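# Tertiary structure, described
Below, each chain spelled out in residue letters.
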Amino acid sequence: LRSMPSFNLYDYHTYDDQMAYIKSIAQQYSYVHLESLGKSVEGRDIQYLKIGYPSNRPKNILFIDAGIHAREWIAPATAICIIDRLVTNPDYTSLLYDIDIYVVPNVNPDGYEYSRTSDRMWRKNRSGPRQGCYGVDLNRNFAFKWGYSGVSRDPCSETYAGSSALSEVEAQHLAKILDANNNTIKAYVTLHSYGEDLIYPWGYAIRTYPSDVAELKKLAHEAAEAIHAVNGTRYSVGNSADELYPASGASDDYSKSIGIKFVYTFELSPTSSDDNFYGYGFQFPKEFIQPTCEETFPGILTIAKAVQDT
Ligand code: ING
Ligand code: ZN
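Residues numbered from 1 in each chain as written. Chains lettered and ligands numbered in written order. Predicted model: local features only at pLDDT ≥ 70, side-chain atom pairs only at ≥ 80, totals over all residues. Heavy atoms only, no water.

It is worth spelling out the confidence of the model for the chain at this point. Considering every residue of the chain, the mean pLDDT works out to 96; 97% of them sit at 70 or more. Mean pLDDT per element in the chain: helix α7 (residues 240-243) is the minimum at 92, and strand β3 (residues 60-66) is the maximum at 99. Scored as a whole, the predicted complex attains pTM 0.97, and scored at its interfaces, ipTM 0.96. (pLDDT = per-residue confidence, 0-100. Helix = DSSP H or I, 4+ residues; strand = E, 2+ residues; numbered from the N terminus.)

As a further point, take the pattern of salt bridges. Summed over all chains, the structure comprises 15 salt bridges. Taking the shortest distance from any N to any O, the salt bridge between R44 and E42 comes out at 2.8 Å. Judged by its relative accessible area of 46%, E42 falls in the partly exposed class. Of the charged contacts in the structure, one is a salt bridge between R116 and E113, with a shortest N-O distance of 3.4 Å. Of this pair, R116 and E113 are both found in helix α4 (residues 109-117), 3 residues apart, which corresponds to roughly one turn of the helix. Members of the salt-bridge network, linked through shared partners, are D212, E215, K256 and K261. (Salt bridge = Lys/Arg side-chain N within 4 Å of Asp/Glu carboxyl O. Buried < 20%, exposed > 50% of the residue type's maximum accessible area, 1.4 Å probe, protein only.)

Those protein atoms acting as donors to the zinc ion (ligand 2) are H69 (ND1), E72 (OE), E72 (OE) and H192 (ND1), and they sit at 2.0 to 2.3 Å. Counting gaps between the donor residues of the zinc ion (ligand 2) yields the pattern H-x2-E-x119-H. Linking E72 in the loop between β3 and α2 (74-88) with H192 in strand β5 (residues 185-195), this pair joins segments that are 120 residues apart in sequence. The exposure classification of E72 matches that of H192, with both residues buried. (Donors = N, O, S within 2.8 Å, 3.2 Å for Na, K, Ca; no water.)

To continue, consider the sheet that holds strand β8 (residues 262-271). With mixed pairing, 8 strands are arranged side by side in an open sheet as β1-β2-β4-β3-β5-β8-β6-β7. Bordering the open sheet on either side are β1 (32-39) and β7 (236-239), each of which pairs with just one other strand. Adjacent strand axes in the sheet meet at a mean angle of 20°, parallel and antiparallel pairs treated alike. Here β3 pairs with strand β4 (residues 99-104) via 6 bridges, running parallel. Note on β4: the bridge partner recorded for F63 is Y102. Across the sheet, helix α1 (residues 15-28) touches β1 and β2 (45-51), and the angle it forms with β2 is around 30°. Along the sheet, helix α6 (residues 213-231) contacts β6 (197-200), β7 and β8; its crossing angle with β8, the most-contacted strand, is approximately 35°. (Pairing = 2+ DSSP bridges. Axes fitted to C-alpha atoms, helices over the stretch in contact; angles between N-to-C directions. Contact = heavy atoms within 4.5 Å.)

Right, let's talk about the packing of aromatic side chains for a bit. For the structure shown, the criterion picks out 20 aromatic pairs. Look at Y48 and Y102: their rings are 6.0 Å apart centre to centre, the planes differ by 45°, and that puts the pair in the tilted class. In this pair, Y48 is assigned in strand β2 and Y102 in strand β4, connecting sequence segments 54 residues apart. Of the two residues, Y48 and Y102, both sit in the buried class. Where F284 meets F288, the ring centres are 4.6 Å apart and the plane angle is 10°; that geometry is what we call stacked. Pairwise contacts between aromatic rings join Y29, Y31, Y53 and Y97 into one cluster. Directly above the ring of W122 sits R126, whose terminal nitrogen or CZ lies 4.8 Å from the centroid. (Phe/Tyr/Trp six-rings, centres within 6.5 Å; stacked < 30°, edge-to-face > 60°. Lys NZ or Arg CZ within 6 Å of the ring centre and 35° of its normal.)

With that out of the way, let us pick up empty space enclosed by the protein. Summed over all chains, the structure comprises 1 cavity of 30 Å³ or more. In terms of lining residues, the largest cavity is bounded by F7, L9, D11, Y12, H13, Q18, W73, A77, I80 and Y112. (1 Å grid on protein atoms, 1.4 Å probe; cavity = no way out; pocket = protein on both sides within 12 Å on 5 of 7 lines; lining within 4 Å. Points joined across faces, edges and corners; volume = space filled by probe spheres on them.)

Turning to the packing of α2 against helix α9 (residues 289-309), a few remarks are in order. Two measures define how a pair of helices packs: the angle their axes make with one another and the distance between the axes. Contact pair α2 / α9: the axes reach a minimum separation of 9 Å and the direction vectors enclose 65°. Handedness of the α2/α9 crossing: right-handed. Touching I74, A77, T78, C81, I82, R85 and L86 of α2 are I289, T292, C293, E294, T296, F297 and I300, all from α9. Looking at side-chain class alone, the contact of α2 with α9 contains 9 nonpolar, 3 polar and 2 charged residues. (Left-handed = near helix turned anticlockwise from the far one by under 90°. Nonpolar A, V, L, I, M, F, W, Y, C, P; charged D, E, K, R; others polar.)

Before going further, it helps to examine the environment of F266. Tracing the backbone shows F266 in strand β8. The class of F266 is buried, set by a relative accessible area of 0%. Non-local contacts of F266, meaning those with residues more than four positions away in its chain, are made with V189, T190, L191, H192, D197, L198, I227, T296, G299, I300 and I303.

Further remarks concern the site of ligand 1. Surveying the vicinity of ligand 1 reveals 13 residues, the closest of which are H69, N139, R140, Y245 and E267. Within the side chain of H192, one N or O atom sits 3.3 Å away from an oxygen atom of ligand 1. S193 is positioned with one of its backbone polar atoms (N or O) 3.1 Å from a nitrogen atom of ligand 1. Isolated, ligand 1 exposes 360 Å² of accessible area, and the fraction of that covered by the protein chains is 97%. Judged by the proximity of its atoms to the pocket grid, ligand 1 belongs to the second largest pocket. Looking at side-chain class alone, the shell around ligand 1 contains 4 nonpolar, 5 polar and 4 charged residues. (Near = heavy atom within 4 Å. Polar contact = N/O pair within 3.5 Å; in protein donor to acceptor, adjacent residues only side chain to side chain. Areas by Shrake-Rupley, 256 points an atom, 1.4 Å probe, with all protein chains shown as cover. Sits in = over half its atoms within 2 Å of the grid points.)

If you want it as structure tokens, here you go:
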């Protein structure tokens, strides 16, 4: 297990294999530590990596998560590939002396396994049953403007917001670590799919922005440019409510509400635009993991450098 030569970054894996891989990375690199956010509702351990060299001063953090939505398989695969790129390239040593990067590759392991084994299009977690239905949309369960827009109160709906704000353990665990580090986390990036969008708060209402929206936009355009430079993929930059649809209780709005500066939802590939639409949607073939990782990585680095400069 120590170096895990058999792990193929460019394939979709079971949750257990994802965790075995990040554990092997922590064992191989002294400046990488394996931690746990806590258990999912079905008892899976939600593990993550803290990447960065020790420092006497408190370090600023870039926090990345993926897999809030079960069927968006490209997101955990990209998070794991980003981990690989960060630790295997000595170019990032000085960055990792200055900042810490936390990566939670899969926030919703129960939903992910359910998507793998039973229902490929599953989106929610696996709590319940309520009225005979399972699952809460974790990206509607966070404690900011909870229940305000783009949600359902029907437990059978895809966008069921839960019985109350933070009713779900997975959302509780994520909120807890964000709260505990809200002064040092300078950027929060949550990986979703699909659409090729880079979106910033507020998501709960159209034409409603944080006071520092100009800075959020500027950095987003820089990240989109870095992505574009790799394979020519054009991400749209916009506000979540304007660009997609208004929805409250998402992890990005929550992060911004507790004072985290740079907050972005990445809607990874494929695109949803008609002129170039192959129709893969959430079922994005594994052949696209490598190009998606290679273009996403410089976008992430752009945000990491902003954290370094903060
Ligand atoms: N999209 C996000 C969703 O949770 C989002 C995007 C977040 C839109 C917040 C509006 C507000 O619906 C995906 N792909 O899940
Ligand atoms: Zn999503």
